[in-house]
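The residues making up each chain are set out below.
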Amino acid sequence: LPAFNESANCAFGPDGRMLCAGTSIDPRAGRSGGSSNACGKVKFYQLPAEEKRSKVNKEGGSKLLSKNKSTVVLDPIEEVDVAPNASVLGVQWHPKLNQIALGTSNGMSVFCCRRGRLIS
């Protein structure tokens, strides 16, 4: 994901199976004098199911072990344009409300409900 700002982040869904992240626009794109149609987006990713097994260690506690340590490249399952001519910097997914709050580089706050529908 393009991120031109150090404070850009991502957020996990309440059940930990989804991830959302904001994208940045190139700040130089709007300086060329022409109209820019760049838009900051929030992208949603479905995380792969991870097979885990529990192993009891000598101290009596259990430790979760992952069978597969390979790297997986994820493609977004949904992309939503949320910030015209601005980057999405901060993303927070509220665990109980299941709503996503986004902060943008132009100072706008955006709230999305589940499945990317813009609500405010």
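In what follows, the accompanying structure is described. (Residues numbered from 1 in each chain as written. Predicted model: local features only at pLDDT ≥ 70, side-chain atom pairs only at ≥ 80, totals over all residues. Heavy atoms only, no water.)

## Comments concerning the sheet that holds strand β8 (residues 100–104)
Heads up, the rule is: At least two bridges found by DSSP between two strands is the condition for calling them paired. Under the DSSP-based scheme used, a helix requires at least four consecutive residues in state H or I and a strand at least two consecutive residues in state E, with every element numbered from the N terminus. Here the axes come from fitting lines to C-alpha atoms, over the contacting stretch only for helices, and the angles between their N-to-C directions go from 0 to 180 degrees.
Across the sheet, which stays open at both edges, the three strands sit in the order β7-β8-β9 with antiparallel pairing between neighbours. A single partner strand is all that each edge strand has here, and the edge strands are β7 (88–93) and β9 (109–112). On average, adjacent strands in this sheet sit at an angle of 20° to one another, irrespective of strand direction. With four bridges joining them, β8 and β9 adopt antiparallel strand pairing. Each bridged residue has a counterpart across the sheet, and for I100 the counterpart in β9 is C112.

## Here we look at the pattern of salt bridges
Heads up, the condition is: Just to be clear on terms, a salt bridge is a Lys or Arg side-chain nitrogen sitting within 4 Å of an Asp or Glu carboxyl oxygen. When a residue's accessible area, from a 1.4 Å probe over protein chains only, is under 20% of the maximum for its type it is buried; when over 50% it is exposed; and in between it is partly exposed.
Scanning the model with the defined rule gives four salt bridges in all. For R17, the salt bridge is made with D15, and the minimal N-O distance between the two is 2.7 Å. Its relative accessible area of 47% is what places D15 among the partly exposed residues. Close ionic contact of D81 with K41 constitutes a salt bridge, the shortest N to O distance being 3.2 Å. Taken together, the residues span a long stretch of sequence, with D81 in strand β6 (residues 78–84) and K41 in strand β3 (residues 39–46) at a distance of 40 residues.

## A short note on the sheet that holds strand β2 (residues 18–22)
One open sheet holds the four strands; their spatial order is β1-β2-β3-β6, and the pairing between them is antiparallel. On the outer flanks of this sheet lie β1 (10–12) and β6, each paired with one strand and no other. For this sheet, the mean inter-axis angle between neighbouring strands, taken without regard to orientation, is 20°. In this sheet, β2 lies alongside β1 in antiparallel orientation, the contact comprising three bridges. Paired with F12 across the strands is L19, a residue of β2.

## Notes on the pairing of β8
Every second residue of β8 is oriented toward a common face, the buried set being I100, L102 and T104 and the non-buried set A101 and G103. Alignment of β7 against β8, held across five bridges, turns out to be antiparallel. Along β8, the bridge assignment pairs V91 with L102. Between β7 and β8, which pair antiparallel one after the other, the connecting turn spans six residues, and N98 there sits at a positive phi close to 55°. Between the antiparallel neighbours β8 and β9 lie four residues, among them G107 with a positive phi of about 85°.

## A few points about the environment of A3
Definition in use: The contact rule is simple, with two residues in contact once any of their heavy atoms fall within 4.5 Å.
Within the secondary structure, A3 is located in the segment before β1. When the C-alpha atoms of A3 and S87 are compared, they prove to be 8.4 Å apart, with 84 residues separating the residues in sequence. The contact partners of A3, leaving out residues within four places of it in the chain, are A8 and S24.

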